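What follows is each chain in one-letter form.
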Amino acid sequence: MSNGEFGLRKSYNIVRELALADFRMKYHDSVLGYFWSLLNPLIQFVILHFVFSYLFVVQVPKFTFYLLSGIVFWNFFHDATLSGMNAVYAKATISKKIYFPRNLIIFSSTATALISFTINTSILWLVVIVFDHFSPNQFLIVIPFLSILLLAMGTAFLLSIFYVYFRDTIQIWLVCLNVGFWLTPIVYNALTAPLPLKMVALFNPVGRILIMLRSFLVYDDFPSIEFMVTTIVFCIIFFVVGLWLFNKHSHKIVEYL
Amino acid sequence: MVTVENVSKVFQIPHERTKTLFHKLTSVFRSTYNYEKFYALRDVSFQIEKSEFIGIIGRNGSGKTTLLRVIAGIYQPTSGRVHVNDEVTPFLEIGLGFQGDFTVRENIYINGALLGFSRKEIDKIFNNIIEFAEFENFRDIKLNKLSAGMQVRLAFTIAIQSHAPVLIVDEVMAVGDTVFQKKCRDIFWKYKKQGRTVIFVSHDLASIKEYCDRVIVFHEGMIANEGNTEEMIKYYKEKILLQ
C-alpha cells in the first residue's frame with residue numbers, strides 16, 4: 001500500500017502527533033528544557049571560535065557568523081540522521097502492532113529535529129540582522145534550509161535500512177559524522193583550503209549547501225546558478241532515491257526488529 | 001470480506017545471527033552464514049464473509065498471530081495473497097501502537113491518528129475514552145508506569161472507537177478483570193448486532209463458543225480444520241490438545 005492510498009491527511013496527522021510527542025518528551029523532565037538544545041551548539045561555537053580566532057587564525061571574513069551558520073546547519077544534519085536511524089527501533093512497538101507506511105517514522109523523527117532547526121535558524125538570522133546587516137536576499141536562505149532537509153531525510157532513509165540489518169551502523173555513522181565535520185567547510189573556507197581538502201569540501205553536499213547559505217545570509221551575494229541548481233537537484237534526487245529504497249525494504253524492517 | 005489465498009510465511013532463522021557489519025563481513029570468510037527456514041504459515045486459504053464473527057484457535061506458536069499480522073498488512077506474505085475489501089482495525093496482543101515513554105494522553109492522540117481520526121475528532125472522544133477505560137486519574141502519566149492489564153484496557157477502549165468494518169481481536173480477555181471482561185462482552189454483542197466483521201483469537205474456549213459463528217483451528221502453521229463452532233472446539237480439545 002502506498003502513502004497515497006493510505007491517505008495524506010491521515011499520514012499528516014500521524015507525523016504530527018508522533019513528532020510533537022517526541023519533542024515534548026525530549027524536554028519533559030529537564031529544568032532548562034529547550035535551552036539544552038541551544039547550549040550544546042553554543043558551547044561548540046564558543047570553543048571553535050576561540051580556537052580558530054586566537055590559536056590557529058583562519059582567514060575567513062565575518063568569521064563569527066560564518067562559523068555560527070555552519071554549526072546550526074551541521075547540527076541539524078547530525079541530529080536528523082541519527083534520530084531517524086534510532087526512530088526505526090524506538091517505534092518498533094508501534095510498527096509491530098498496526099499498519100502504517102513505515103516511512104512516516106522517518107518523516108516524524110525529522111519533523112522533531114526540524115522544530116529545533118527552525119527555531120535555531122531563526123535565532124541565527126536574528127543574530128545576523130542585529131549584529132551585522134539585513135538584506136532581502138536573506139529570505140533566500142529557505143533554499144539551503146530545504147536542501148539540507150531533503151539531504152538529511154534521504155540519508156536517514158538509507159541509514160535506517162542498513163541499521164535494521166547491521167546494528168553497528170550507528171557507530172560507523174558516528175565516526176563518519178566526526179570525520180565529516182572536518183571535511184565540511186564549517187570552520188574553514190572551502191575555496192582557500194589546500195587542494196585535496198578543497199575538492200572534498202566542494203563535492204560534499206553539506207559543504208555546498210553551506211556555501212549557498214553563507215552567500216545569502218552573511219555575504220549578500222549569489223553563488224553561480226549552475227552551482228545552486230546542481231546542489232538542489234542532487235538533494236532532491238538523493239531524497240527520492242532514499243525514500244524509494246526505504247519503501248522497497250520497509251516490510252522487511254518490521255520483521256527484522 | 002477477507003480472502004486469504006494460499007498464504008505462506010517463511011522466516012529465515014540464522015544459526016548464528018549476524019548483527020554487526022563486522023561480524024557479517026568476517027562470516028563470509030568463515031562461511032558460517034547459514035539459516036533454517038521456518039514456516040510460520042503454510043499454504044493457508046480461507047474466506048471470511050461480511051458480518052461474520054470468526055474464531056481462530058490453536059496452540060501457542062501455531063501461526064495465529066503471524067496470520068493476523070499478514071491480514072493487518074504488518075507482514076507481507078512470502079507467497080500467496082490476502083485481499084481485504086474493507087478497512088481493518090487490528091488489536092494485536094497487548095496494546096495498539098503504544099509507546100511506553102509517552103503519556104496516556106499522547107498515546108491516545110497517536111493511536112487515534114493511526115486509526116484515522118483527526119485531532120478535532122479525538123478532542124471530542126477523548127473524555128469518553130478516559131471514562132470508559134476508567135483512567136480519570138492517569139491522563140498525564142507515562143504509559144509504562146501502568147500495569148499490563150491497565151494498558152490493555154486503554155488499548156481496547158481506543159480500538160473500539162474505530163469505525164472500521166473489520167476488527168481483529170487477539171487475546172483481549174486474558175488480562176482484564178471481571179468488570180472489564182463484562183465491558184468487552186457488551187461491546188462484542190454490540191458488534192454482532194451491528195453486523196461487523198470480527199476476527200477473534202483466544203485461548204478462552206468459553207468465549208469462542210459464546211460469540212463465534214465459525215471457527216478455524218490452526219496447527220503448526222496450517223489449517224487443521226474449520227467449520228461449526230461446537231464441532232471445532234471438540235475437535236481442538238480431542239485431536240490437538242490431548243496429543
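This structure is a prediction, so every number in the text was calculated from the model and none was measured.

Parameters at a glance
- Residues numbered from 1 in each chain as written.
- Chains lettered and ligands numbered in written order.
- Predicted model: local features only at pLDDT ≥ 70, side-chain atom pairs only at ≥ 80, totals over all residues.
- Helix = DSSP H or I, 4+ residues; strand = E, 2+ residues; numbered from the N terminus.
- Buried ≥ 20, exposed ≤ 12 C-beta atoms within 10 Å, placed from the backbone.
- Contact = placed C-beta atoms within 7 Å.
- Axes fitted to C-alpha atoms, helices over the stretch in contact; angles between N-to-C directions.
- Parallel < 35°, antiparallel > 145°, perpendicular 65-115°, else oblique.
- Left-handed = near helix turned anticlockwise from the far one by under 90°.
- Nonpolar A, V, L, I, M, F, W, Y, C, P; charged D, E, K, R; others polar.
- pLDDT = per-residue confidence, 0-100.
- Core = buried A, V, L, I, M, F, W, Y, C linked by C-beta atoms within 7 Å.

Looking at this structure, how should I read the overall build of chain B?
A count of helices and strands for chain B gives eight helices and nine strands. Each of the 243 residues in chain B was classed as buried or not, and the buried ones make up 37%. The long-range share in chain B, meaning contacts at least 24 apart out of those at least 6 apart in sequence, stands at 71%.

Just to check I follow, could you spell out the packing of helix 4 (residues 119–133) of chain B against helix 5 (residues 148–159) of chain B for this structure?
For any two helices packed against each other, the geometry is given by the interaxial angle and the distance between the axes. Residue and element names in this part refer to chain B. The contact between helix 4 and helix 5 brings their axes to 9 Å, and the two run at 140°. By the angle between their axes, helix 4 is oblique relative to helix 5. Considering only the axes of helix 4 and helix 5, their crossing is right-handed. Contact with helix 4, carried on its side by Ile129, Phe132 and Ala133, involves Arg153, Leu154, Thr157 and Ile158 of helix 5 and no other residues of that element. Here the residues of the contact of helix 4 with helix 5 sort into five nonpolar, one polar and one charged.

What is the right way to read the interface of chain A and chain B from this model?
A common way to report how large an interface is uses the accessible area buried once the components associate. Facing the 23 residues of chain A at the interface are 27 residues of chain B. When residues of the side of chain A that touches chain B are traced back to their parent elements, those giving at least two are helix 2 (8–26), helix 5 (92–95), helix 8 (169–183) and helix 11 (225–256) of chain A. When residues in the side of chain A that touches chain B are grouped by element, the largest group, seven residues, is from helix 2 of chain A. Residues belonging to the side of chain A that touches chain B are distributed by class as follows: 12 nonpolar, four polar and seven charged.

Which parts of the structure should I look at to understand the environment of valine 187 of chain A?
For valine 187 of chain A, the position within the fold is in the loop between helix 8 and helix 9 (195–203). Along the sequence, valine 187 of chain A and proline 61 of chain A sit 126 residues apart, while their C-alpha atoms lie 12 Å from each other.

Looking at this model, I keep getting lost on unusual backbone geometry. Mind explaining?
Residue and element names in this part refer to chain B. The phi dihedral of serine 51 is positive, around 70°, even though this residue is not glycine. Among the structural elements, serine 51 can be located in the loop between strand 2 (35–48) and strand 3 (53–58). For serine 51, a count of 15 C-beta atoms within 10 Å puts it in the partly exposed group. The phi dihedral of glutamate 134 is positive, around 55°, even though this residue is not glycine. For glutamate 134, the location among the structural elements is in the loop between helix 4 and helix 5. Residue classification places glutamate 134 among the partly exposed positions, given that 15 C-beta atoms sit within 10 Å.

Would you explain the packing of helix 7 (residues 142–165) of chain A against helix 10 (residues 205–219) of chain A in this entry?
Residue and element names in this part refer to chain A. The N-to-C vectors of helix 7 and helix 10 enclose an angle of 165°; their axes lie 9 Å apart at closest approach. It follows that helix 7 is roughly antiparallel to helix 10 by the angle criterion. In this structure, the crossing between helix 7 and helix 10 has a hand that is left-handed. For the pair helix 7 and helix 10, contact is made by Ile143, Pro144, Ser147, Ile148 and Leu151 and by Pro205, Val206, Ile209, Met212 and Leu213, respectively. Grouping the amino acids of the contact of helix 7 with helix 10 by side-chain chemistry returns nine nonpolar, one polar and no charged.

Please clarify how the confidence of the model for chain B should be interpreted in this entry.
Parts of the model with low pLDDT should not have their predicted coordinates read in detail. Of the residues in chain B, 89% have a pLDDT of 70 or more, and the chain-wide mean is 85. Of the two predicted TM-score estimates for the complex, the pTM is 0.87 and the ipTM is 0.81.

Is there a simple way to think about the environment of valine 44 of chain B in this case?
Residues and elements named next belong to chain B. Topologically, valine 44 is positioned in strand 2. Separated by 63 residues in sequence, valine 44 and asparagine 107 place their C-alpha atoms 35 Å apart. When residues no more than four places from it in sequence are discounted, the contact partners of valine 44 are Val4, Val7, Leu67, Met222 and Ile223.

I would appreciate a short explanation of helix 8 (residues 229–241) of chain B in the present structure.
An α-helix turns once per 3.6 residues; consequently, residues spaced three or four apart project the same way. Those residues of helix 8 of chain B not exposed but buried are Thr229, Met232 and Tyr236 of chain B. Buried residues along helix 8 of chain B sit against strand 3, helix 7 (205–211), strand 8 (214–219) and strand 9 (222–228) of chain B.

Is there a simple way to explain the nonpolar core in this structure?
Buried together is how nonpolar side chains tend to be arranged in soluble globular proteins. By size, the foremost hydrophobic cluster in this structure holds 118 residues, and its most contacted members are Phe73, Phe76, Ile148 and Ala152 of chain A together with Ile199 of chain B. A total of 14 residues in this core trace back to one element, the largest contributor, which is helix 4 (residues 63–90) of chain A.

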